[in-house]
Amino acid sequence: MDVLVVGSGGREYSIGLALKKDPNVNNIYFSPGNGATFQLGQNVKTEDYETLADFAEEKGIDLTIVGPEAPLVEGIVDIFRKRGLTIFGPTQKAALLEGSKIYMKNFLARHNIPTARYIETDSFEEASAFIDSLSEPVVVKADGLCAGKGVIIAQTKEEAKKAAEEMLSGKSFGEAGKRVVVEEYLDGFELSVFAISDGENYVILPAAQDHKRLLDGDKGPNTGGMGAYAPTPLINEELSRKIEERIIAPTIKGMKEDGTPFEGVLFAGLMIVDNEPYTLEFNVRFGDPECEVLMPLMKTPASELFMKAATKKLDELNIEFYDKYAVGVVMASENYPYGSSKPAEIIVDEIVHEELKEHAHISYAGVSLIEGKLFATGGRVLVCVGIGDSIKEARDYAYMLCGQVHFAGKKFRTDIAYQALRDKS
Ligand code: AMP
Ligand code: GLY
């Protein structure tokens, strides 16, 4: 089959890598793709989603897979479906689970799914009174999409009130912040759980852990994610069961009952407090860099998983994973996440070590091809992924590969998977 992947990041590159290995896949197209996706297929640039659907029709694309949230929230799935094209992802209405924090929190409350105690409001007085009723720190969230910046963990009530005021006045995030969620702070550890659903059935992928802060030891500012690994040993059978029974199953069922069945990747961002899972957020797509570590663990051909999910046949799928671990280390550019950096040429040493060749690879993200050479032009440039029989082995391969990649100003965390390895050495 021929597949179109929408997006341009490391996430889409890793989906492309999985499709490239898949015997059922002939041609792969990326829209818009990045400076390295040409290694896997062809890049396609179009003006809008209608034109992309024209392209899919003309080329006879059998399946379109959407990576990022923006096209989903903008309704790409509805446009493709209307034209009879097969596409993997949630409709615009279902994508509100990520597009609006208020919709998401109210959905959770309505279906009795555990989350932090909250109020949603557009009134500063209400926000302020609720802040006073909580203990510090306090969490304030803008309703709409804010490119990952709309969540403020305020250490003091005063700071929380200031954040709420700046959001509600439109000063911080414009329209996206004119309604806010104020919620209690949950103190635990975070997990990313991904379920693929066809609206009715679902499969759950191995649990992953992201590292959102820029610096080692979870210090520094929040980023899109500096590294991930899976499966994580921080989850035990009992916790897995609770996550499925209390969060994933009722969400899929609730979305169906609400008349907005959820098809696509349900990404539950969870906080685990005393072995109890709470939903912090939903995303309606794969995490990045979580996708880069999940794709190589899949034994089931990627096309089969996505096609069955897009055609309501997930009940026929017996999903299988390799009995391995994957660790992904993000290499970012000099000024990330504060601003853009000067393009820097990327040199990858020739890998002579056979074992490394076999157990590690790069998923390219913020890169451009300039006069035939690969340059780092984005914030998160690439992800070095290692695969091994243990987390430690996978991590060692990932870091060995990092040592072979060079570009001016490169930076990366040196402690990815530390929570899993803390008690072992
Ligand atoms: P969100 O976009 O809602 O996932 O929030 C971004 C990050 O803020 C999360 O990954 C958590 O690290 C943190 N966060 C959000 N809500 C809470 C909360 N209620 N308690 C503690 N940390 C939170
Ligand atoms: N890595 C977190 C995200 O993709 O939102």
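Up top is the structure.
Attention here is on the structure that accompanies the text. Each chain has its residues counted from 1, following the order in which its sequence is written. Both sets of labels track the order of writing: A upward for chains, 1 upward for ligands. Given that the model is predicted, a residue must reach a pLDDT of at least 70 before its local features are reported, and side-chain atom pairs must reach 80 or more before they are shown or counted; all residues, however, enter totals for whole chains, interfaces and linings. Computation of side-chain values covers all heavy atoms of the structure but excludes hydrogens and water.

Its boundaries defined by the atoms lining it, the second largest pocket holds a volume of some 360 Å³. Using protein atoms alone on a 1 Å grid, points that fit a 1.4 Å probe yet trap it form a cavity, whereas open point sets bounded by protein on both sides within 12 Å along at least five of seven lines form a pocket; residues with an atom within 4 Å of a point count as lining. Along its surface, the second largest pocket is lined by 18 residues, and Lys21, Met295, Pro296, Met298 and Tyr322 are the ones closest to its centre. Each helix is a run of DSSP H or I of at least 4 residues and each strand a run of E of at least 2, with the numbering of both proceeding from the N terminus. For the lining of the second largest pocket, the elements supplying multiple residues, two or more each, are helix H12 (354-359) and strand S21 (360-364). Of all the elements, H12 adds the most residues to the lining of the second largest pocket, at three residues. Ten residues, namely Ala, Val, Leu, Ile, Met, Phe, Trp, Tyr, Cys and Pro, are considered nonpolar, four, namely Asp, Glu, Lys and Arg, are considered charged, and the remaining ones, Gly among them, are considered polar. Partitioning the lining of the second largest pocket into residue classes produces nine nonpolar, three polar and six charged. Grid points are joined across faces, edges and corners, and a volume is the space filled by probe spheres set on the points.

This brings us to the environment of Val193. Topologically, Val193 is positioned in strand S10 (residues 189-198). It is 6.6 Å that separates the C-alpha atoms of Val193 and Gly269, two residues lying 76 residues apart in sequence. With sequence-adjacent residues up to four places away left out, Val193 is seen in contact with Ile204, Ala207, Ile243, Ile248, Leu266, Phe267, Ala268 and Leu270. Here, residues are in contact when the closest pair of their heavy atoms is within 4.5 Å.

Before going further, it helps to examine unusual backbone geometry. Across the junction of Glu136 and Pro137, the peptide omega takes the value -10°, indicating a cis bond. Along the chain, the position of Pro137 falls in the loop between helix H7 (124-133) and strand S7 (138-142). Cis geometry marks the peptide bond from Tyr336 to Pro337, where omega comes out at 0°. On the secondary structure map, Pro337 appears in the loop between strand S18 (325-332) and strand S19 (344-345). Here Asn112, not a glycine, exhibits a phi torsion of approximately 60°, which is positive. Its place among the elements puts Asn112 in the loop between helix H6 (101-110) and strand S6 (118-121). Only protein chains enter the accessibility calculation, which uses a 1.4 Å probe; a residue is then buried when its area is under 20% of its type maximum, exposed when over 50%, and partly exposed in between. Looking at Asn112, the relative accessible area reads 69%, which means it is exposed. A positive phi angle, near 65°, is found at Asn275, a position not held by glycine. You can see Asn275 is positioned in the loop between strand S16 (263-273) and strand S17 (276-283).

The next subject is the sheet that holds strand S12 (residues 209-210). For two strands to count as paired, DSSP must find a minimum of two bridges between them. Taken together, five strands build an open sheet; the order of strands is S12-S15-S18-S24-S21 and the sheet is antiparallel. Every interior strand has two partners, whereas the edge strands, S12 and S21, have only one. With eight bridges connecting them, S18 and strand S24 (residues 380-388) associate as antiparallel partners. Across the sheet, Ala332 pairs through a bridge with Arg380, a residue of S24. Here an axis means a line fitted to C-alpha atoms, over the contact stretch when the element is a helix, while the angle between two N-to-C directions is reported on a 0 to 180 degree scale. Those strands touched by helix H13 (residues 391-402) are strand S15 (227-230), S18, S21 and S24, and its axis lies near 140° from that of S24.

The next point concerns the nonpolar core. Counting 73 residues, the largest nonpolar core has Ile196, Phe286 and Phe306 as its most contacted members. Every residue in contact with Ile196, bar those within four places of it in the chain, is listed here: Phe88, Asn201, Tyr202, Val203, Leu205, Gly264, Val265, Phe286, Leu305, Ala309 and Leu314. Within this scheme, the nonpolar core is defined by two criteria: the residues are buried Ala, Val, Leu, Ile, Met, Phe, Trp, Tyr or Cys, and they are joined through side-chain atoms within 4.5 Å. If you look at the next biggest cluster of nonpolar residues, it comprises 41 residues, including Val77, Ile87, Leu108 and Phe282.

A few words now on the pattern of salt bridges. Salt bridge, as used here, is a side-chain nitrogen of Lys or Arg placed within 4 Å of a carboxyl oxygen of Asp or Glu. Tallied over the full model, the rule gives 32 salt bridges. As a salt-bridge pair, Glu354 and Lys357 come within 3.5 Å of each other at their nearest N and O atoms. On the criterion of helical spacing, the pair formed by Glu354 and Lys357 is a turn pair, its members being three residues apart in helix H12. Residues participating in the shared-partner salt-bridge network are Glu50, Asp54, Glu57 and Arg83.

Sheet architecture is open: four strands sit in the order S11-S10-S16-S17, paired in antiparallel fashion. At either margin of the open sheet sits one strand with a lone partner, and together these are strand S11 (202-204) and S17. Each adjacent strand pair in this sheet contributes to an overall mean axis angle of 30°, direction not counted. As judged from the ten bridges shared by S10 and S16, these two strands associate in the antiparallel manner. Looking at the pairing, Ala195 lines up with Leu266 of S16. Sheet contacts for helix H9 (residues 237-257): S10, S11, S16 and S17; angle to S17, the most-contacted strand, approximately 40°.

These values are about where atoms sit, not about what they do.
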